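Letter by letter, the chains look like this.
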Amino acid sequence: MSAADQIFAMLKESSQSGAPLYLQLRKSIEEAVNRGLIGPGDALPSERDIASKADISRVTVRKAVQDLVKGGILVQRHGSGTFVAPRMERVEQSLSRLTSFTEDMARRGMVVRSAWLDRGLYAPSPDEMMVLGLSANELVARVARLRIANDTPLAIERAALSASVLPDPEAIGSSLYAALELTGNRPVRAVQRISAANLGDADARLLEVAPGVAGLHIERISYLASGKVIEFTRSIYRGDAYDFVAELRLTGPGEEIRP
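Residues numbered from 1 in each chain as written. Predicted model: local features only at pLDDT ≥ 70, side-chain atom pairs only at ≥ 80, totals over all residues. Heavy atoms only, no water.

Per an unreviewed UniProt entry, the protein goes by the name GntR family transcriptional regulator and belongs to Mesorhizobium album.

Engineer: So what's going on with the overall build of the protein? Residues and values would help.
Structural biologist: Scanning the protein for helices and strands turns up eight helices and ten strands. Considering the protein as a whole, with its 259 residues, one finds that 39% of them fall into the buried category. In the protein, the proportion of contacts linking residues at least 24 apart, taken out of those at least 6 apart, comes to 59%. Accessible surface for the protein amounts to roughly 14,400 Å². Of this, 50% is attributable to carbon and sulfur atoms. (Helix = DSSP H or I, 4+ residues; strand = E, 2+ residues; numbered from the N terminus. Buried < 20%, exposed > 50% of the residue type's maximum accessible area, 1.4 Å probe, protein only. Contact = heavy atoms within 4.5 Å. Areas by Shrake-Rupley, 256 points an atom, 1.4 Å probe, with all protein chains shown as cover.)

Engineer: Before we move on, can you summarise the packing of helix α3 (residues 47-54) against helix α4 (residues 58-70) with the specific residues and values?
Structural biologist: Helix-helix packing: each pair is described by the crossing angle between the helix axes and the interaxial distance. At a minimum axis distance of 9 Å, the contact between α3 and α4 shows a crossing angle of 120°. In terms of orientation, α3 and α4 fall into the oblique class. In this structure, α3 meets α4 at a crossing whose hand is right-handed. Contact residues: Glu-47, Arg-48, Ile-50 and Ala-51 in α3; Arg-58, Val-61 and Arg-62 in α4. A per-class count over the contact of α3 with α4 returns three nonpolar, no polar and four charged. (Axes fitted to C-alpha atoms, helices over the stretch in contact; angles between N-to-C directions. Parallel < 35°, antiparallel > 145°, perpendicular 65-115°, else oblique. Left-handed = near helix turned anticlockwise from the far one by under 90°. Nonpolar A, V, L, I, M, F, W, Y, C, P; charged D, E, K, R; others polar.)

Engineer: So what about helix α2 (residues 21-34)? Which residues, and what values?
Structural biologist: The terminal C-alpha atoms of α2, which comprises 14 residues, lie 20 Å apart, in line with the 20 Å expected from a rise of 1.5 Å per residue. Among the residues of α2, Gln-24, Leu-25, Ser-28, Ile-29, Ala-32 and Val-33 are the ones counted as buried. (Expected span 1.5 Å × (residues − 1).)

Engineer: Can you explain the packing of aromatic side chains? Please cite residues and give values.
Structural biologist: For the structure shown, the criterion picks out zero aromatic pairs. Residue placement shows Lys-63 over the ring face of Tyr-22; its charged tip is 4.2 Å from the ring centre. In this arrangement the basic side chain of Arg-189 is found over the ring face of Tyr-223, its NZ or CZ atom lying 4.2 Å from the centre. (Phe/Tyr/Trp six-rings, centres within 6.5 Å; stacked < 30°, edge-to-face > 60°. Lys NZ or Arg CZ within 6 Å of the ring centre and 35° of its normal.)

Engineer: Give a detailed account of the pairing of strand β6 (residues 152-162), specifying residues and quantitative values.
Structural biologist: Summarising burial for β6: nine of the eleven residues are buried, a large majority. As judged from the ten bridges shared by strand β5 (residues 140-149) and β6, these two strands associate in the antiparallel manner. Across the sheet, the residue bridging to Arg-142 is Ala-160, located in β6. A loop of two residues connects β5 with β6, the two strands running antiparallel in sequence, and Asn-150 in this loop sits at a positive phi of about 50°. The pairing of β6 with strand β9 (residues 229-238) spans six bridges and is classified as antiparallel. For Arg-158, the partnering residue across the bridge sits in β9 and is Arg-234. (Pairing = 2+ DSSP bridges.)

Engineer: Any chance you could break down the pattern of salt bridges for me, citing the residues and the numbers?
Structural biologist: Applying the stated criterion across every chain yields a total of twelve salt bridges. In this structure, Arg-62 engages Glu-47 in a salt bridge whose closest nitrogen and oxygen atoms are separated by 2.9 Å. With a gap of 15 residues between them, Arg-62 in helix α4 and Glu-47 in helix α3 connect regions that are remote in the sequence. Glu-170 is the partner of Arg-119 in a salt bridge, and the nearest nitrogen-oxygen pair spans 3.5 Å. Of the two residues, Arg-119 sits in strand β4 (residues 112-122) while Glu-170 sits in the loop between β6 and α7 (176-182), which places them 51 residues apart along the sequence. Of the residues examined, Arg-119 reaches a relative accessible area of 23% and is grouped as partly exposed. (Salt bridge = Lys/Arg side-chain N within 4 Å of Asp/Glu carboxyl O.)

Okay, here's the thing in structure tokens:
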């Protein structure tokens, strides 16, 4: 039995629910995925094929498929069709350790690579001037990378540093922190703020997810031992791939927890 036939069979099973047709179809396709009738990377039957076998309009099929794309169950590739999304192995990231993406992934035995999106020297933005303590006539080094582990894009990192610290962004290899360590400028602590975000078209395309899906926006300000700010990074992480974990302790009387 073809995938379209199996989806149609499940659609008939749910036809007594009284729910709108596109929701019934969505449930049938999702059930086919959950049962393994169509697996990760498999192509979904065409809109025409599903509409014909289920005797429903292509508009109804399209609406059900778009809902599943937004939910991360399916992915659409321009010019290729619609496919079952790969199953993501979630990465657990501790919030108590200041490490680089390269170190984190290597510790898990994952093959890491980056795709450079930008690296160069620029006039600083007002935010960069304020956080990094730059004047208007100084330059900021910006490095933006798509971070990839085991061929899956996981995050977009956009870091800004004073050009006096990083005068040649082109010289960075696989790890920014490794490059900073060579000059004695590796940060020793950081403050991170994590917030929910819906991914815009450009970021979603880079992360190979549907526009509007949930992501994590992370803003990090990193410091040297002297207390000087060394790095200002704003990143977007896939919401379906990361779990951030923090350890909490109960303080005793008079005990103070320092940031």
